[in-house]
Amino acid sequence: MSKTAADNLCERLIAWDVSTIYGFPGDGINGLLGALRRHQDELRFVQTRHEEMAAFMACGHAKFTGEVGVCMATSGPGAIHLLNGLYDAKLDHRPVVAIVGQTFVRAIGGDFQQEVKLLQLYSDVASAFCEQVNEPSSVRHLIDRAMRIAQTERTVTCVIVPADVQDMEAVESQPHKTHTVHSGVGYWPGRLVPARDQLKQAADILNAGEKVAMLVGQGALHATDEVIAVADALGAGVAKALLGKAAVPDDVPFCTGSIGLLGTKPSWDMMQGADTLLMVGSSFPYSEFLPKEGQVKAVQIDLLGRMLSIRYPMDLALEGDSKESLAELLPLLARKEDRSWQEEIKKDVTDWWRLMDEQGEPADRDGRVRPQGLFTALSSQLPEKAILSSDSGSAANWYARHIRIRRGMKAMLSGNLATMVPGVPYAIAAKFAYPDRVSIAMVGDGAMQMGGMAEMLTAAKYYKTWADPRLIVLVLTNEDLNQVTWEQRVMEGDPQFKASQEIPYVDYAAWAELIGLHGIKITTSSEIEGAWREALSADRPVIISALTDPNEPPLPPHITFEQAEGFAKSILADPQGGLPGAVEAVREKVHEFLPGR
Ligand SMILES: Cc1ncc(C[n+]2csc(CCOP(=O)(O)OP(=O)(O)O)c2C)c(N)n1
Ligand SMILES: [Mg+2]
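Residues numbered from 1 in each chain as written. Chains lettered and ligands numbered in written order. Predicted model: local features only at pLDDT ≥ 70, side-chain atom pairs only at ≥ 80, totals over all residues. Heavy atoms only, no water.

### Re the overall build of the protein
Along the protein, the regular secondary structure elements total 22 helices and 20 strands. Against the globule reference of 25 Å for 597 residues, the protein gives a C-alpha radius of gyration of 25 Å, in line with a compact fold. In the protein, buried positions account for 60% of the 597 residues. Partitioning the contacts of the protein with sequence separation of at least 6, the portion at a separation of at least 24 is 75%. When the accessible surface of the protein is summed, it comes to about 23,000 Å², and 52% of that surface belongs to carbon and sulfur atoms. Within the protein, the 77 negative side-chain charges are centred at a point lying 3 Å from the centre of the 57 positive side-chain charges. (Helix = DSSP H or I, 4+ residues; strand = E, 2+ residues; numbered from the N terminus. Rg over C-alpha atoms; globule rule 2.2 N^0.38 Å. Buried < 20%, exposed > 50% of the residue type's maximum accessible area, 1.4 Å probe, protein only. Contact = heavy atoms within 4.5 Å. Areas by Shrake-Rupley, 256 points an atom, 1.4 Å probe, with all protein chains shown as cover. Lys, Arg positive; Asp, Glu negative; His and termini not counted. Charge placed at Lys NZ, Arg CZ, Asp CG, Glu CD.)

As structure tokens, this is what we get:
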């Protein structure tokens, strides 16, 4: 058989150093799958349970490695299934290339089976680049452009390959004549640093401030040393947007931890009290957690010009890479003599961690485990270089507040899309990218039932190929879509609507055993420490199912008057449902914010 266009496509991906494609088969990509079989020694196909998971894994790969993630799906239904995972990548600015099938070119427009108008369907998620291969000679430049544009624009791109084109004879380059394209492989990102006089202006603003607050996001993940050095010079505190959790280790005494609804009180207090803001590599959207307009002089540094000055009207909003820009800014900063602002922040941080440790003490209520205890115990047992993935339920709160991240670790979730389900597929993608590191996902039972359970079959299928088989999934078995139940209580003043919120009980530990993995159940908090030890010494992936208390409020660090009022109303409207416990929990929560804590 002579080389096909699909072979050419695989070889082009290999030339771009792609090593793994996450996907699911279908006859719309049979030609591509044949070529992948022929190239399997250089390009690995990882079969997921669902195309959405393939897209989450490609996104997880991009988030953890910084490389392009690649996923593949068949025409019609397969391409439709990819979308949510692709939006996760697009909204969090991660490079992902989707390769999808389409019906035969000659059938397009014929209302053919599985014919979906993919160019239109993908026109938003892959707005940066979405093209169809209409003949073999365009494979080369369409793959080259998809790979390059995904990286330079930090986004999702898509190449649609009709099934008949996949099997056509490869045409690896176009003859030199009119209307031909001659592209090449490789991407060398530029060094983006603001001009010297702009950095000088930034330094003037920051040097004039007396109470400087920093906010860093995922754009600062590679700039840990520079962020710490700048904060030290400025006598500042550093808050972290969730995607930037690993940007600054939590043992840095002026790191106030996460910000926002899932954030900490020191972050909140710092933003309320600051007179100057330095925002680096973040587009954290909830402006109510930032200083009020006019309160601070503000400087922003971000690689993406389009993300500048949209959350706060910056006095200076500079395009630049965080690491390079902060390194050049540093010598222009005058070390603050007066350290009292930072000392105050450090004290708040110490107090906050004391409180978190108290709340993380093993405790039970009504025969269920307080969820914080699971996270505090995990935090103290985390092995070096662990890779963490959180899902978008209540787990994200405890992950944000109770896990002390250390240098060398990685930590991710779905930031801007905040979709349910990526916890498990991210954790699996982490194992393929770093097979010798421990990967841990923290997910809700709703997310587990929405796809996480099925996807553990992928872990079961592949774990023997990983150098270290340890992948641990912690399931918060609260039999509730708890995050939303609380949002309904606090924001709407509504009681729990059982019809929409209750989640059926499943024995996830038994499910693990059934599929050849290890399962551990936690029903009282005294089992927590031992459960983590057991999971961390297992010879295969583990599901820990913890029966957790749904009445533990994952509330924001400051409770506004309206929210407290809404909450009170919801309690009055819901005489049952374990709410006396909830009342007690909220009382505890309010207590956190009393002076003198
Ligand atoms: C795909 C998707 N559907 C719905 C939501 C809204 N949502 C956010 S968190 C949540 C509850 C998650 O429940 P579970 O996974 O059980 O976690 P819990 O909060 O109970 O710990 C829901 C429904 C979402 N973010 N994504
Ligand atoms: Mg739940």
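From this point, the discussion proceeds with the structure in view.
### Overview of the coordination of the magnesium ion (ligand 2)
The protein atoms donating to the magnesium ion (ligand 2) are Asp445 (OD), Asn478 (OD1) and Asp480 (O), with metal-donor distances spanning 2.0 to 2.2 Å. Positions of the donor residues of the magnesium ion (ligand 2) along the chain correspond to the pattern D-x32-N-x1-D. One end of the pair, aspartate 445, is in helix α16 (residues 445-462); the other, aspartate 480, is in the loop between β18 (471-477) and α17 (482-492), and 35 residues separate them in sequence. Just as aspartate 445 is buried, aspartate 480 falls in that class too. (Donors = N, O, S within 2.8 Å, 3.2 Å for Na, K, Ca; no water.)

### A word on the site of ligand 1
What surrounds ligand 1 is a group of 16 residues, the closest being Ser394, Asp445, Gly446, Asp480 and Asn482. Within the contact set of ligand 1, an oxygen atom lies 2.9 Å away from a backbone nitrogen or oxygen of alanine 447. Within the backbone of glutamine 483, one N or O atom sits 2.8 Å away from an oxygen atom of ligand 1. With the chains in place, 78% of the 580 Å² that ligand 1 exposes on its own is no longer accessible. When residues of the shell around ligand 1 are traced back to their parent elements, those giving at least two are α16 and α17. (Near = heavy atom within 4 Å. Polar contact = N/O pair within 3.5 Å; in protein donor to acceptor, adjacent residues only side chain to side chain.)

### Remarks on the pairing of strand β19 (residues 518-522)
Two faces, one strand: in a regular strand the side chains alternate between the faces of the sheet. Two elements, β19 and strand β20 (residues 542-547), share five bridges in a ladder whose sense is parallel. Residue pairing for β20: isoleucine 520 is matched across the bridge by isoleucine 544. As a crossover connection, the stretch from β19 through helix α20 (residues 528-536) into β20 is right-handed. (Pairing = 2+ DSSP bridges. Right-handed = clockwise from strand over helix to strand, strands pointing away.)

### Section: the sheet that holds strand β3 (residues 69-73)
The six strands lie next to each other as β2-β1-β3-β4-β6-β5, forming an open sheet whose pairing is parallel. Two strands close off the open sheet at either side, each with one partner strand: β2 (44-47) and β5 (130-132). Recorded for the sheet is a direction-independent mean angle of 25 degrees between the axes of neighbouring strands. Across two bridges, strand β1 (residues 20-23) lies against β3 in parallel orientation. When the sheet's bridge partners are listed, tyrosine 22 is paired in β3 with cysteine 71. (Axes fitted to C-alpha atoms, helices over the stretch in contact; angles between N-to-C directions.)

### Quick look at the state of the cysteines
If you walk through the whole model with that rule in mind, you get zero disulfides. Cysteine 130 supplies the cysteine sulfur nearest to cysteine 158, a cysteine that is in no disulfide, at a spacing of 4.2 Å. (Disulfide = S-S within 2.5 Å.)

### A look at the confidence of the model for the protein
The predicted model of the protein has a mean per-residue pLDDT of 94, with 93% of residues at 70 or higher. Scored below 50 in pLDDT, residues 593-597 shows nine contacts in the model against residues more than four places distant or in partner chains. (pLDDT = per-residue confidence, 0-100.)

### A short note on the packing of helix α13 (residues 371-381) against α20
Each pair of packed helices can be summarised by the angle the axes make with each other and by the distance between the axes. Direction vectors running N to C along α13 and α20 enclose 45 degrees, while the axes themselves pass 9 Å from each other. Overall, the two elements α13 and α20 adopt an arrangement that is oblique. In this structure, α13 meets α20 at a crossing whose hand is right-handed. Listed contacts from α20 to Gly373, Leu374, Ala377, Leu378, Ser380 and Gln381 of α13 are Ile528, Glu529, Trp532, Arg533 and Leu536. (Parallel < 35°, antiparallel > 145°, perpendicular 65-115°, else oblique. Left-handed = near helix turned anticlockwise from the far one by under 90°.)

### Focus: the nonpolar core
Judged by nonpolar contacts, the single largest core of 97 residues is most densely connected at Tyr122 and Met456. Not counting residues within four places of it along the chain, the set of residues in contact with tyrosine 122 comprises Ala79, Leu82, Leu83, Leu86, Ala98, Val100, Ser127, Cys130 and Cys158. Core analysis: the second largest hydrophobic core is formed by 34 residues, Leu199, Ala236, Ala247 and Leu333 among them. (Core = buried A, V, L, I, M, F, W, Y, C linked by side-chain atoms within 4.5 Å.)

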